[in-house]
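If you want the building blocks of each chain, they are given just below.
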Amino acid sequence: MFTISNCKKLAVNEYEFWVKAPQIASKAKAGQFVILRIDEFGERLPLTIVDSDKQAGKIHLIFQVVGKSTAALAELCDGDFLKDLVGPLGKATEIKNYGNVLLVGGGVGIAALYPIVKELKKAGNYVITVLGAKTEDLVILERECKEISDELYVMTDDGSAGEKGLVTDAMSKILTHQTINFCWAIGPSVMMKFCTLTADKYDLPIYVSLNPIMIDGTGMCGGCRVTIADSIKFACVDGPEFLGSEVHWDEFISRMAQYNEEEALSYDQLKR
Ligand code: FES
């Protein structure tokens, strides 16, 4: 029984909760994820582990409602439970002292970025964080990131929080004035692609975290395959982090949109 607690709405369509999962909490590292199912007929949902409390045996998850399964997940309340929870999955982020690091998060991707910000700071890096969202109310974990970052910048599409503009605008400004040794970008696929192109201009190595459809999470089904440096890799076991410059972005973005029609149909049926 994976009982959930502390269910909260964080922003429009974004929710958080903690799940009782002592074995996962005892092993989870930054960059890793879990796959969950709400019930035996449920879709398998991969979610990054935002935080873990080893003593309480709980992990923290944040998700965005994007379709039927995530809408059903948002309906769960304290005391409800998940049918299945598997993890921690994927390779952990390589945490070490790189020097000056730039971390860029967009939308709900900020949830996946936050544990990396935390661990890189603990490892002694000078941490510059850029958070981006459409509007102020969609900027999540700003206070938490601010507490641990040496510098924090917020970018919104409409200028309702921080500066008006894209995260890549902030990246360019920072990279013009400061030497950065390593970068991470986590968010929508198109954002990660353009963060990679921006980093490339400055010869800055950048990691991105890919979130394709996942089924088994063990490298067996091939559902999460991605092309990295002209080779097929599985995001669930070889990733989810890859060097942005090696990702075949057009293929990845098109695969991410593969089931949009079916997803929209299924979500519409749920709402009726
Ligand atoms: Fe099946 Fe990765 S989820 S191979």
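Rules and cut-offs
Residues numbered from 1 in each chain as written. Predicted model: local features only at pLDDT ≥ 70, side-chain atom pairs only at ≥ 80, totals over all residues. Pairing = 2+ DSSP bridges. Helix = DSSP H or I, 4+ residues; strand = E, 2+ residues; numbered from the N terminus. Axes fitted to C-alpha atoms, helices over the stretch in contact; angles between N-to-C directions. UniProt positions renumbered as here; feature names shortened; annotations may be inferred. Buried ≥ 20, exposed ≤ 12 C-beta atoms within 10 Å, placed from the backbone. Contact = placed C-beta atoms within 7 Å. Parallel < 35°, antiparallel > 145°, perpendicular 65-115°, else oblique. Core = buried A, V, L, I, M, F, W, Y, C linked by C-beta atoms within 7 Å. Domains from an automatic or database assignment. Nonpolar A, V, L, I, M, F, W, Y, C, P; charged D, E, K, R; others polar.

1. What to know about the sheet that holds strand β2 (residues 14–20)
Each strand in a sheet pairs with another by means of backbone hydrogen bonds, the pair being arranged parallel or else antiparallel.
In step 1: Pairing in this open sheet of 5 strands is antiparallel, and the strands run β5-β6-β2-β1-β7 from one edge to the other. Of all the strands in the sheet, the pair left with one neighbour each is β5 (51–53) and β7 (81–82).
In step 2: As paired elements, strand β1 (residues 2–11) and β7 share 2 bridges and run antiparallel to each other. Across the sheet, residue F2 finds its bridge partner in β7, namely L82.

2. A closer look at the sheet that holds strand β3 (residues 33–37)
In step 1: In space, the 3 strands of this open sheet follow the order β4-β3-β8, with antiparallel pairing throughout. Where the open sheet ends on each side, the last strands, each with one partner, are β4 (45–48) and β8 (84–89). Mean inter-strand twist for the sheet, computed between neighbouring axes without regard to direction, equals 25 degrees.
In step 2: As paired strands, β3 and β8 are joined by 4 bridges and run antiparallel to one another. Paired with I35 across the bridge in β8 is V86.

3. Topic: the pairing of β1
In step 1: For β1 and β2, the ladder comprises 5 bridges, and the chain directions are antiparallel. Bridge assignment links K8 to a residue of β2, and that residue is E16.
In step 2: What sits between β1 and β2 in their antiparallel hairpin is a turn of 2 residues, with N13 showing a positive phi close to 65 degrees.

4. A look at the UniProt feature "binding site: FAD" (unreviewed entry) in the chain
In step 1: When the UniProt feature table is mapped onto this chain numbering, "binding site: FAD" (unreviewed entry) sits at I62, F63 and Q64.
In step 2: Checked against the element boundaries, I62 lands in strand β6 (residues 58–64).
In step 3: Owing to 23 C-beta atoms within 10 Å, I62 belongs among the buried residues under this scheme.
In step 4: Beyond its immediate stretch of four places on either side in the chain, I62 contacts L10, E14, E16, V50, V108 and A111.
In step 5: As for its placement among the helices and strands, Q64 is situated in strand β6.
In step 6: Every residue in contact with Q64, bar those within four places of it in the chain, is listed here: N13, E14, T70 and V108.

5. Looking at the packing of helix α6 (residues 189–201) against helix α8 (residues 249–256)
In step 1: Between α6 and α8, the least distance of the axes is 10 Å, while the angle of their chain directions is 170 degrees. Considering the angle they form, α6 stands roughly antiparallel to α8. Taking contact as the criterion, the partners of S189, V190 and K193 in α6 are, on α8, W249, F252, I253 and M256.

6. Things to note about the nonpolar core
Most often, soluble globular proteins keep nonpolar side chains buried together rather than apart.
In step 1: Ranked by internal contacts, the top residues of the largest apolar core, which has 77 residues, are V34, I59, W184 and A185.
In step 2: With 8 residues, the top contributor of residues to this core is helix α3 (residues 109–122).
In step 3: Composition of this core by domain shows at least three residues from each of domain 1 (2–89) and domain 2 (100–256).
In step 4: Once residues lying within four places of it in the same chain are set aside, the contact partners of I59 are W18, V19, A21, I24, A25, A28, V34, I49 and S52.

7. Some points on the domain arrangement of the chain
In step 1: On domain assignment, one finds that the chain holds domain 1 (2–89) and domain 2 (100–256).
In step 2: Taken over C-alpha atoms, the centre of domain 1 sits 21 Å from the centre of domain 2.
In step 3: Across the boundary between the two partners, domain 1 contributes 19 residues, which contact 17 residues of domain 2.
In step 4: Every element with two or more residues in the side of domain 1 that touches domain 2 is listed here: β1, β3, β4, β6 and β8.
In step 5: Looking at the side of domain 1 that touches domain 2, the element that brings in the most residues is β6, giving 3 residues.
In step 6: Its residues assigned to classes, the side of domain 1 that touches domain 2 comprises 13 nonpolar, 3 polar and 3 charged.

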